[in-house]
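# Understanding the architecture of this molecule
These are the residues of each chain, in order.
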Amino acid sequence: MDIIKVNQHTSTFNSITHIIKDDKESDMEVWFARELQPLLGYARWENFQVAINRAIDSCISQSINVDDHFREVTKMIPIGKGGKRSVQDYMLTRFACYLIAQNGDPKKEEVAFAQGYFAVQTRRAELIAEHLNLIARIEARDRLRASEKQLSQNIYERGVDDRGFGRIRSKGDTILFGGFTTAMMKKRLGVKSGALADHLPTLTIAAKNLATEMTNYNVEQKNLYGEDSITKEHCGNNRSVRDMLGQRGIKPEELPAAEDIKKVERRVASNEKKIERTSSKLPKNLDNEQA
């Protein structure tokens, strides 16, 4: 997500932040589910309620007091001709909002942004964008792992063992990286241990995943069998992806290395564990004026 969109989303999310007094009479930030709902791309309350319930279940599974972060309240909304009716709502802490985003539809751009927005304590757009970029790289790496696992299973059923899978993947890399083998790319990027993909930037991981997904699809659709035919297919798909990148002036072998994905995963996990610990708790005695 580019910084312009991050700034736009940040401004919108900031606009629904409310300040109340906690049990120590200090200011704390809270949000209301009815106001959060449209910002996360949900048109119907019933659908958003599913994400809220999942978030509450997640809170319970972590042995965290739900009342510290989710407080059911009643809100009056206009119904026309000056009338009003009461509806269910929730007052939420930052941690509660984060859990809702985690349990929302990940395909929604707004949900992806919310995960970053509520995961960092600052409202600085550049730090939110940095967190979102880390999450995007982790997700891209997870997708590549899944597609390679599927390919390994597909080709095993078609007469190719683990060593054959390794050769197929390596030959695909050589095509994608313009003649550089996997070992040569590791040396080029200074990778001393671990998988090459763990040190690639998000764009290159996505490129490898696209080629692998194409191979998976065609292996099944064309009912390919044996190492030779699947190797030819995989190399052809990597060539197509490389040509596409080349049309935009991108050479995968020239892109710089990225931080080891395992370190990124540990850092993100550590940051996320801090969210509940640093999130203020809802006051035990919440008066109607605050709600």
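Data block above holds the structure.
Residues numbered from 1 in each chain as written. Predicted model: local features only at pLDDT ≥ 70, side-chain atom pairs only at ≥ 80, totals over all residues. Heavy atoms only, no water.

### Examining the packing of aromatic side chains
Aromatic rings considered in pairs are described by the distance between their centres and by the relative angle of their planes. In the structure shown here, the tally under the stated rule is eight aromatic pairs. Seen in terms of ring centroids, F13 and Y117 are 5.2 Å apart; in terms of plane orientation they differ by 45°. Their pairing is tilted. Taken together, the residues F13 in helix 1 (residues 3-14) and Y117 in helix 5 (residues 109-119) connect sequence positions 104 residues apart. Judged on exposure class, the residue F13 and its partner Y117 are both buried. For the pair Y42 and F48, a centre-to-centre distance of 5.2 Å together with 50° between the ring planes defines the contact as tilted. F48 gets classed as buried once you look at its relative accessible area, which sits at 0%. (Phe/Tyr/Trp six-rings, centres within 6.5 Å; stacked < 30°, edge-to-face > 60°. Helix = DSSP H or I, 4+ residues; strand = E, 2+ residues; numbered from the N terminus. Buried < 20%, exposed > 50% of the residue type's maximum accessible area, 1.4 Å probe, protein only.)

### Section: the packing of helix 6 (residues 125-156) against helix 9 (residues 202-221)
Contact pair helix 6 / helix 9: the axes reach a minimum separation of 9 Å and the direction vectors enclose 25°. With respect to their mutual orientation, helix 6 and helix 9 come out roughly parallel. In this structure, helix 6 crosses over helix 9, and the sense of that crossing is left-handed. Contacts from A136, R137, A140, R141, R143, L144, S147, E148, Q150, L151 and N154 of helix 6 reach helix 9 at T202, I205, K208, N209, T212, E213, T215, N216, V219 and E220. Considered class by class, the residues forming the contact of helix 6 with helix 9 number six nonpolar, eight polar and seven charged. (Axes fitted to C-alpha atoms, helices over the stretch in contact; angles between N-to-C directions. Parallel < 35°, antiparallel > 145°, perpendicular 65-115°, else oblique. Left-handed = near helix turned anticlockwise from the far one by under 90°. Contact = heavy atoms within 4.5 Å. Nonpolar A, V, L, I, M, F, W, Y, C, P; charged D, E, K, R; others polar.)

### Things to note about unusual backbone geometry
The phi angle at S63 is positive, at roughly 60°, despite the residue not being glycine. In this fold, S63 is placed in the loop between helix 3 (45-61) and strand 3 (70-80). Assessed through its relative accessible area of 69%, S63 is described here as exposed.

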